[in-house]
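# Commentary on secondary and tertiary structure
Chain by chain, the residues:
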Amino acid sequence: KALFSELDEAPKVKSVERLGKISSSARPVKVVFRSRDAQISILAKKPLLKGNDKFGKVFLSPDRSVEERRERKRLVDELKEKVKQSPEKHYIIRGNRVLVATRD
(Lines give C-alpha, C1' and ligand atoms only; values in the text may rest on other atoms or scores of the structure.)
Protein backbone atom coordinates (compact mmCIF):
# COMPACT_ATOMS: atom_id res chain seq x y z
CA LYS A 1 0.00 0.00 0.00
CA ALA A 2 2.85 2.38 0.80
CA LEU A 3 4.32 1.78 -2.65
CA PHE A 4 1.03 2.60 -4.35
CA SER A 5 0.50 5.73 -2.26
CA GLU A 6 4.01 6.84 -3.25
CA LEU A 7 2.82 6.64 -6.88
CA ASP A 8 -0.48 8.41 -6.03
CA GLU A 9 -2.42 5.28 -6.93
CA ALA A 10 -5.11 3.33 -5.10
CA PRO A 11 -5.66 0.26 -7.29
CA LYS A 12 -8.00 -2.57 -6.44
CA VAL A 13 -5.81 -5.62 -5.87
CA LYS A 14 -7.12 -9.05 -6.78
CA SER A 15 -4.28 -11.07 -5.23
CA VAL A 16 -0.75 -10.84 -3.83
CA GLU A 17 1.64 -13.80 -3.87
CA ARG A 18 5.31 -14.25 -2.92
CA LEU A 19 7.30 -16.17 -5.53
CA GLY A 20 10.38 -18.34 -5.15
CA LYS A 21 11.70 -20.39 -2.26
CA ILE A 22 11.78 -19.06 1.28
CA SER A 23 15.19 -17.53 1.95
CA SER A 24 16.86 -14.67 3.78
CA SER A 25 17.22 -12.66 0.57
CA ALA A 26 14.51 -10.61 -1.13
CA ARG A 27 11.91 -12.52 -3.10
CA PRO A 28 9.65 -11.29 -5.90
CA VAL A 29 6.03 -10.52 -5.20
CA LYS A 30 3.33 -11.01 -7.82
CA VAL A 31 0.47 -8.53 -7.58
CA VAL A 32 -2.64 -9.07 -9.70
CA PHE A 33 -4.91 -6.05 -10.18
CA ARG A 34 -8.63 -6.15 -10.84
CA SER A 35 -8.23 -4.01 -13.96
CA ARG A 36 -5.66 -3.73 -16.73
CA ASP A 37 -5.89 0.06 -16.48
CA ALA A 38 -4.47 -0.05 -12.93
CA GLN A 39 -1.54 -2.16 -14.14
CA ILE A 40 -0.80 0.19 -17.03
CA SER A 41 -1.04 3.26 -14.80
CA ILE A 42 1.34 1.85 -12.17
CA LEU A 43 3.87 0.60 -14.73
CA ALA A 44 3.81 4.04 -16.41
CA LYS A 45 4.73 5.66 -13.07
CA LYS A 46 7.53 3.24 -12.14
CA PRO A 47 10.32 5.71 -13.08
CA LEU A 48 9.17 7.84 -10.12
CA LEU A 49 10.54 5.17 -7.76
CA LYS A 50 14.17 5.40 -8.96
CA GLY A 51 15.18 8.39 -6.84
CA ASN A 52 13.08 7.34 -3.85
CA ASP A 53 15.01 6.37 -0.69
CA LYS A 54 12.44 3.82 0.44
CA PHE A 55 11.51 2.24 -2.90
CA GLY A 56 14.57 2.97 -5.05
CA LYS A 57 15.51 -0.72 -5.22
CA VAL A 58 12.00 -1.93 -6.10
CA PHE A 59 11.71 -3.33 -9.63
CA LEU A 60 8.33 -3.42 -11.37
CA SER A 61 7.65 -5.38 -14.54
CA PRO A 62 4.60 -6.83 -16.26
CA ASP A 63 3.90 -10.54 -16.09
CA ARG A 64 4.74 -12.09 -19.43
CA SER A 65 3.82 -15.42 -21.01
CA VAL A 66 6.58 -17.82 -22.12
CA GLU A 67 6.21 -16.62 -25.71
CA GLU A 68 6.35 -12.95 -24.65
CA ARG A 69 9.50 -13.65 -22.60
CA ARG A 70 11.15 -15.31 -25.62
CA GLU A 71 10.30 -12.33 -27.82
CA ARG A 72 11.53 -9.87 -25.18
CA LYS A 73 14.82 -11.80 -24.86
CA ARG A 74 15.24 -11.71 -28.65
CA LEU A 75 14.72 -7.94 -28.63
CA VAL A 76 17.16 -7.43 -25.74
CA ASP A 77 19.78 -9.54 -27.55
CA GLU A 78 19.23 -7.50 -30.71
CA LEU A 79 19.59 -4.27 -28.71
CA LYS A 80 22.85 -5.48 -27.13
CA GLU A 81 24.24 -6.38 -30.55
CA LYS A 82 23.37 -2.93 -31.93
CA VAL A 83 25.03 -1.27 -28.93
CA LYS A 84 28.20 -3.28 -29.60
CA GLN A 85 28.19 -2.17 -33.23
CA SER A 86 27.41 1.50 -32.52
CA PRO A 87 28.08 2.37 -28.85
CA GLU A 88 27.71 6.11 -29.51
CA LYS A 89 23.99 5.67 -30.23
CA HIS A 90 21.25 5.14 -27.64
CA TYR A 91 18.85 2.28 -28.37
CA ILE A 92 15.45 1.52 -26.82
CA ILE A 93 12.80 -1.16 -27.21
CA ARG A 94 9.37 0.15 -28.17
CA GLY A 95 6.59 -2.17 -29.13
CA ASN A 96 8.28 -5.08 -30.86
CA ARG A 97 11.17 -3.13 -32.34
CA VAL A 98 14.61 -1.83 -31.38
CA LEU A 99 14.84 1.88 -32.17
CA VAL A 100 17.51 4.56 -32.02
CA ALA A 101 16.49 7.12 -29.41
CA THR A 102 17.46 10.76 -29.69
CA ARG A 103 19.07 12.23 -26.60
CA ASP A 104 17.67 15.61 -25.66
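As the structure is a prediction and not an experimental result, all values here were calculated from the model. (Residues numbered from 1 in each chain as written. Predicted model: local features only at pLDDT ≥ 70, side-chain atom pairs only at ≥ 80, totals over all residues. Heavy atoms only, no water.)

### Here's the deal with the overall build of the protein chain
To keep things clear, this is the line we draw: A run of H or I in DSSP becomes a helix once it reaches four residues, and a run of E becomes a strand once it reaches two; helices and strands are each numbered from the N terminus. Restricting the calculation to C-alpha atoms gives the radius of gyration, and the globule rule supplies 2.2 Å times the number of residues raised to the power 0.38. Relative accessibility thresholds used throughout: buried, under 20% of the residue-type maximum; exposed, over 50%; partly exposed, between the two (1.4 Å probe, protein chains only). Two residues qualify as a contact provided that any one of their heavy atoms is within 4.5 Å of a heavy atom in the partner residue.
A tally of regular secondary structure across the protein chain gives 3 helices and 4 strands. Order of helices (α) and strands (β) in the protein chain, N terminus to C terminus: α-β-β-α-α-β-β. Relative to the 2.2 N^0.38 estimate, which gives 13 Å for 104 residues, the radius of gyration of the protein chain is 17 Å and therefore markedly larger than a compact globule would have. Counting only C-alpha atoms, the protein chain reaches 45 × 30 × 30 Å along its principal axes. The buried share among the 104 residues of the protein chain stands at 18%. Sequence separation of 24 or more characterises 25% of the internal contacts of the protein chain that already satisfy a separation of 6 or more.

### Some words on the environment of R34
Along the polypeptide, R34 turns up in the loop between strand 2 (29–33) and helix 2 (36–44). Taking relative accessible area as the criterion, R34 reaches 61% and is therefore assigned exposed. Residues R34 and V13, 21 residues apart in the sequence, show an inter-C-alpha distance of 5.7 Å. With sequence-adjacent residues up to four places away left out, R34 is seen in contact with K12, V13 and K14.

### Things to note about the pattern of salt bridges
Definition in use: Just to be clear on terms, a salt bridge is a Lys or Arg side-chain nitrogen sitting within 4 Å of an Asp or Glu carboxyl oxygen.
One pass over the structure, following the stated rule, counts 5 salt bridges. Among the ionic pairs, E71 bridges to R74, the shortest N-O distance being 2.6 Å. Of this pair, E71 and R74 are both found in helix 3 (residues 66–85), 3 residues apart, which corresponds to roughly one turn of the helix. Measuring nitrogen to oxygen at the nearest pair gives 3.1 Å for the salt bridge that ties R74 to E78. Here E78 and R74 lie together in helix 3, a separation of 4 residues that amounts to about one turn. Relative accessible area serves as the criterion here: at 39%, R74 is assigned to the partly exposed category. If you follow the salt bridges from partner to partner, you end up with E71, R74, E78 and K82 in one network.

### With respect to the pairing of strand 3 (residues 90–94)
To keep it simple, the criterion reads: Think of it this way: DSSP has to see at least two bridges between two strands before they count as a pair.
The two faces of strand 3 differ: Y91 and I93 on one face are buried, but H90, I92 and R94 on the other face are not. Relative to strand 4 (residues 97–101), strand 3 is paired through 5 bridges, and the arrangement is antiparallel. Counted as the bridge partner of R94 is R97 from strand 4. The hairpin formed by strand 3 and strand 4 contains 2 residues between the paired strands, and G95 there has a positive phi angle of roughly 65 degrees.

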